[in-house]
Each structure stands twice: as structure tokens, then as C-alpha cells.
Amino acid sequence: SRWNPGKEQLPARKHHKRQLSPYSVLDESGEQDSKKLLVLISSRCLDKKQAENQKTALEILKARRVPFEALDGMKSVHRKRREELYKISGTRAQYPQFFFVSMGGHTTYLGNFKVLLNLHHAEGLPRKYRDAHPHIETWEEVFCDTSQIFSV
């Protein structure tokens, strides 16, 4: 951490490999495994707010250089996978939705647009505030082990 004259030096946030995030994936040996971000979108989203949220979410992911795969739930070839994702999230016809998929194929629901936006904004919170509220997850904690080395 940088030294700031006259300012209190805050302890570094503790990161434990096994407890980075509830979205971390462990392989068979207990080590952290790669995961891929899957974004469920709709190319024919009629709800203007959902369409705007979808566009903003994809822009945030690209700007932050988070590798992801978008799955268009409106395409008939994706119908089966879309239904699987709806079942995992418990939410139908709401876009965008975010999932992590492990190299072994296990899918975990991250959340909706609001969750992504909260993670995006949490990085801007002062470290002292984040340290006092350890339940607040940050972008880095959630997306640190996201990969693009395999297909979902």
C-alpha cells in the first residue's frame, strides 16, 4: 500500500484463497479453479429498462476487461440452456442474468444487473469503510479467477 503522510495506514484486506468469494470454484485438490462468466441476455428485449441495463452491463464488463460469454436466450438453439439457467436463478425473462461456470461444468448464479452494478460501485468505497463492512464484496474478489480459456 502507498504511504500517505498524515493519514492513518490501514491494514491490507485479508484475502484467503479458499474464502475469496462464495463464487470461487475449487478443483478436486481444493485449489482455486478457473471459472467463466456467462451472461444471459436477450436480443429481443422489449422492456426498455432491461435493454438499457443489458447494454450497460456488457459495457462495464468490456471496460473492466472481464472475459465473458453472452448467451442469447431468445435464440431457439439456446432454449434448453436458457431454461436450465432460469431454473438455477429462479428468475424467468429478466435480463441480464450472470452466472459462473466452472471448468467441470457446474453453474452458479451470481445475480442480476443490480448485483453487477453494486460490485462495480463497491470498488469506489473507501478502504476504511470496506474493512468495517467485510460482507461487502468487491469486483476484484468476485471476478479475480474468471477465465476465458474454456467454452461453456
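Predicted model only: the values in this text are computed from it and were never measured.

Procedures and definitions
- Residues numbered from 1 in each chain as written.
- Predicted model: local features only at pLDDT ≥ 70, side-chain atom pairs only at ≥ 80, totals over all residues.
- Heavy atoms only, no water.
- pLDDT = per-residue confidence, 0-100.
- Helix = DSSP H or I, 4+ residues; strand = E, 2+ residues; numbered from the N terminus.
- Contact = heavy atoms within 4.5 Å.
- Pairing = 2+ DSSP bridges.
- Axes fitted to C-alpha atoms, helices over the stretch in contact; angles between N-to-C directions.
- Buried < 20%, exposed > 50% of the residue type's maximum accessible area, 1.4 Å probe, protein only.
- Polar contact = N/O pair within 3.5 Å; in protein donor to acceptor, adjacent residues only side chain to side chain.

Some details on the confidence of the model for the protein chain
Right, on to step 1. Mean pLDDT over the protein chain: 80, with 74% of residues reaching 70 or higher.
Right, on to step 2. Mean pLDDT across the secondary structure elements of the protein chain bottoms out at strand S1 (residues 25-26), with 52, and peaks at helix H2 (residues 79-89), with 97.
Right, on to step 3. Across residues 1-20, confidence stays below pLDDT 50; counting only partners more than four residues off in sequence or on other chains, it has 26 contacts.

Here's the deal with the sheet that holds strand S6 (residues 107-112)
Right, on to step 1. A sheet is described by the order of its strands in space; here 4 strands give the open sequence S4-S3-S5-S6, paired in mixed fashion. Every other strand in the sheet has two partners, leaving strand S4 (68-72) and S6 as the edge strands with one partner each. When strand polarity is set aside, the average angle formed by the axes of neighbouring strands in this sheet is 30°.
Right, on to step 2. The pairing of strand S3 (residues 35-41) with strand S5 (residues 97-102) spans 6 bridges and is classified as antiparallel. Each residue of the ladder has a partner; that of Leu 38, found in S5, is Phe 99.

A few points about the side chain of Gln 97
Right, on to step 1. Assignment of secondary structure puts Gln 97 in strand S5.
Right, on to step 2. Owing to a relative accessible area of 1%, Gln 97 belongs among the buried residues under this scheme.
Right, on to step 3. Within the local environment of Gln 97, its side chain forms a polar contact with the backbone oxygen of Thr 91, the two atoms lying 3.2 Å apart.
Right, on to step 4. At 2.9 Å, the side chain of Gln 97 and the backbone oxygen of Gln 94 are in polar contact.
Right, on to step 5. If near-sequence neighbours (up to four positions away) are discounted, Gln 97 is found in contact with Leu 38, Val 39, Leu 40, Leu 85, Tyr 86, Ser 89, Thr 91, Tyr 109 and Gly 111.

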